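Architecture and fold: a report
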Amino acid sequence: MSTAFASLHEAQTFLEQHPDIEMFELFILDGNGVPRGKLLHRDELLAVYETGRPLPSTILGLTINGDDVENTGLVWEVGDIDCRAYPVSGSLQRMPWRLIPTAAVQVSMHPEEGMPATVADPRHLLANVIEGLKADGYYPVMAAELEFYLLDQKPDSHGRPQPARDVDGGRPRSTQVYGLRELEQIEPFLADLYNACKLQGIPARTAISEYAPGQVEITLEHRHDALQAMDEAVRYKRLVKGVAHKHGMTACFMAKPFDDLAGTGMHMHVSLADAEGNNLFASEAPDGTPLLRQAVGGMLSTLLDSLLMFCPNANSYRRFQSNSYAPLAATWGVDNRTVSLRVPGGPALSRHIEHRICGADANPYLAAAAILAGIHRGIRERRDPGAPVEGNGYAQATELLPCDWLTTLRALEGSDWAREAFGPEFLRVYLAVKRAEYRQFMGEVSEQDWRWYLHQA
C-alpha cells in the first residue's frame, strides 16, 4: 500500500500561521469509528511529523466502551507494544469551538513502524481496497451524506433524550421534513458549523431539516479521491459534535435513537472514473452504463457479508423498518428511495450510485471499503443485478435483510470473499472486537433466548 503522510513543512507552516494555538488533539480512528488519542502541547507537534508518535497497540483493538479485547492479539501477546503513527496530510486544522486554542491532527499507523496495530487500522483497509481498484484502471469518486439529531444535553422528566430547544426557546415536536423555519431556528449552530467546515477545508454543502423533529442532514461534496472524501467525513463528524457541544447540544449519530421517529443514516455516493477523471458510469440511460450495473450487482452479492460494517451495533438494526426510507432488502432502482441502492436522476455526467444501507453509526472507512470491494467483485465477475425495482420497494421485498446483530456477525465470520477482500489479519481483530461487544450487550442471555426475543419483537 502506498501511504502518503504529511510533510514536516505542513506543520511548520501551520505553527507560523497560528501562533496562538496552545494544544493539539492527536487522534486515530478505531474500528468502531471512535476517535482515540492524546492532547499534546504545542512544542510536541513537530516531533510527530518527524518521527511519528508512539501509540499502544491496543488502541485499535478496543470495544466501543473502550475496553481491551484479548482475542485481538494486540494485548498480552505483544505486551501492548508502542506502534508509530504519522499525520494524515491535510488533517492539521484549527478547532474553533474549543476554549483553549486547539488544533487537531489525524494520524494513521505506519505500514512497518505501526505493526502489529497497522493491520487493524481502518484507514489502511480503505487505502488497500482503493489501490486494488486503481490497479485495474478504476478511480473511485465518493461522498458521504450524514444525518444526525440535535438533542438537549439534559433528558426529559422520564430520563429519555429530547430534541434541543430552538432559538425561540421552543422544542421541535413535528416532523416538518424540508422545513425552512426549522433551519432558521438552528441558525446560530449552522453558522458556526459552516464556519468551522470552511476553516477545516471540509466541503459542507446543502442542509435540510430531515424526517424527524431535531433531525438534520448536511451533504458533503463528491471527491475524486475517495480516501480524502472519507477523511473529510470522519473530521466532519467530529466537528459537528464539537460545535453542537459549544451550543449546549448533543449531536447524536446513533442509528435509531427513538422508537417512533426516523432512523439516522449515512448515505454513500459512489462512481468510478478513469485515469483522466471521466465518469465511467455516465450515460443518457437512467440506469447508467453496463459497468454501473455490474457495480450494483457486486454490491448486492456482497451485501450480507459486509452488513456488519454498514450496521455495526445492536441498535443499528432497529433502523430497518418498512416505509421508513431505510432499506429492507437487497434491491436497487432508478431514482427510487425505497431501495437499498439508488441510481439518482440528473445529467448523464453525474450518474452514480447512492448506497442507502449504512447507519450514521458506521465507520466511514470500513463502510467505503466494503462498498468498493463489492463493486470490484461485481466488475471482475460481470455480476448482473437483475431488473431495477419500480414503485414501492418495500411492498416488493421478498428476502429481507437480517434484523439482528448476531446473523451479520456470523456472515462476516464465514465469508471467504471478505477474507480475500479485507485480509485475515484485519478480520481477526475486527471480529474479536465485535464478538466481545456482542457478549457485553447480551450479558448472560443465551443466543437462543435472543432469537426468541427477536421473534417476539
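A brief structural summary. (Residues numbered from 1 in each chain as written. Predicted model: local features only at pLDDT ≥ 70, side-chain atom pairs only at ≥ 80, totals over all residues. Heavy atoms only, no water.)

From N to C terminus, the protein includes 14 helices and 14 strands. Computed over the C-alpha atoms, the radius of gyration of the protein is 22 Å, within 12% of the 23 Å expected from 2.2 N^0.38 for a compact globule of 457 residues. Referenced to the eigenvectors of the C-alpha coordinate spread, the extents of the protein come out at roughly 60 × 55 × 55 Å. Burial status across the protein gives 57% buried among its 457 residues. Contacts in the protein between residues at least 24 apart in sequence constitute 72% of all its contacts with a sequence separation of at least 6. On the protein, roughly 19,400 Å² of surface is accessible, and the fraction owed to carbon and sulfur atoms is 50%. If you average the places of the 42 positive and of the 59 negative side-chain charges in the protein, the two averages end up 3 Å apart. (Helix = DSSP H or I, 4+ residues; strand = E, 2+ residues; numbered from the N terminus. Rg over C-alpha atoms; globule rule 2.2 N^0.38 Å. Buried < 20%, exposed > 50% of the residue type's maximum accessible area, 1.4 Å probe, protein only. Contact = heavy atoms within 4.5 Å. Areas by Shrake-Rupley, 256 points an atom, 1.4 Å probe, with all protein chains shown as cover. Lys, Arg positive; Asp, Glu negative; His and termini not counted. Charge placed at Lys NZ, Arg CZ, Asp CG, Glu CD.)

A word on the pairing of strand β9 (residues 215-220). Judged by how many residues are buried, β9 sits mostly within the fold: six of six residues are covered. Every second residue of β9 is oriented toward a common face, with Q215, E217 and T219 on one face and V216, I218 and L220 on the other, all of them buried. Here strand β7 (residues 139-152) runs beside β9; their pairing, made up of five bridges, is antiparallel. Each bridged residue has a counterpart across the sheet, and for Y149 the counterpart in β9 is Q215. (Pairing = 2+ DSSP bridges.)

With that settled, the discussion passes to the pattern of salt bridges. Per the stated rule, a full pass over the model turns up 23 salt bridges. Across the pair R36 and D30 runs a salt bridge whose closest N-O atoms are separated by 2.8 Å. Of the two residues, R36 and D30, both sit in the buried class. We note a salt bridge from E437 to K434, for which the minimum N-O separation is 2.6 Å. Here K434 and E437 lie together in helix α13 (residues 424-442), a separation of three residues that amounts to about one turn. By sharing partners, the salt bridges in this structure join D335, R342, E354 and R356 into a single network. (Salt bridge = Lys/Arg side-chain N within 4 Å of Asp/Glu carboxyl O.)

With that settled, the discussion passes to the environment of N278. Here N278 shows up in the loop between β11 (266-273) and α7 (290-301). Separated by 53 residues in the primary sequence, N278 and T331 have C-alpha atoms spaced 27 Å apart. When near neighbours in sequence (up to four residues on either side) are disregarded, N278 contacts L272 and A273.

Right, let's get into the pairing of strand β2 (residues 35-41). As defined by bridge partners, strand β1 (residues 23-29) adjoins β2 across seven bridges and the pair is classed as antiparallel. Residue I28 lies in a different strand from β2, and its bridge partner there is R36. Hairpin connection between β1 and β2: a loop of five residues separates the two successive antiparallel strands, and G33 in this loop has a positive phi of roughly 80 degrees.

The next subject is unusual backbone geometry. Here the amide bond leading from M115 into P116 is cis, since omega sits at 5 degrees, within 30 degrees of zero. Non-glycine residue D335 carries a positive phi angle of around 50 degrees. Mapped onto the secondary structure, D335 falls in the loop between β12 (332-334) and β13 (341-343). Backbone geometry at R382 places phi at a positive 50 degrees, although glycine is not the residue there. For R382, a relative accessible area of 65% translates into the label exposed.

Axis separation between helix α5 (residues 187-200) and helix α6 (residues 226-246) bottoms out at 10 Å; the angle between their running directions is 140 degrees. By the angle between their directions, the pair α5 and α6 is classed as oblique. The way α5 lies across α6 gives a crossing that is right-handed. Between α5, through F189, D192, L193, A196, C197 and Q200, and α6, the contact on the second element is made entirely by R235, Y236, L239, V240, V243, A244 and K246. For the contact of α5 with α6, the class distribution of residues is nine nonpolar, one polar and three charged. (Axes fitted to C-alpha atoms, helices over the stretch in contact; angles between N-to-C directions. Parallel < 35°, antiparallel > 145°, perpendicular 65-115°, else oblique. Left-handed = near helix turned anticlockwise from the far one by under 90°. Nonpolar A, V, L, I, M, F, W, Y, C, P; charged D, E, K, R; others polar.)

In the contact formed by helix α8 (residues 303-310) and helix α11 (residues 405-413), the axes pass within 7 Å of each other and the chain directions differ by 120 degrees. Taken as axis vectors, α8 and α11 run oblique relative to one another. For the pair α8 and α11, the sense of crossing is left-handed. Across the interface between the two elements, L304, D305, L307 and L308 of α8 pack against W405, T408, L409, A411 and L412 of α11. Of the residues assigned to the contact of α8 with α11, the class counts are seven nonpolar, one polar and one charged.

In short, shape yes, function no, at least from these values alone.
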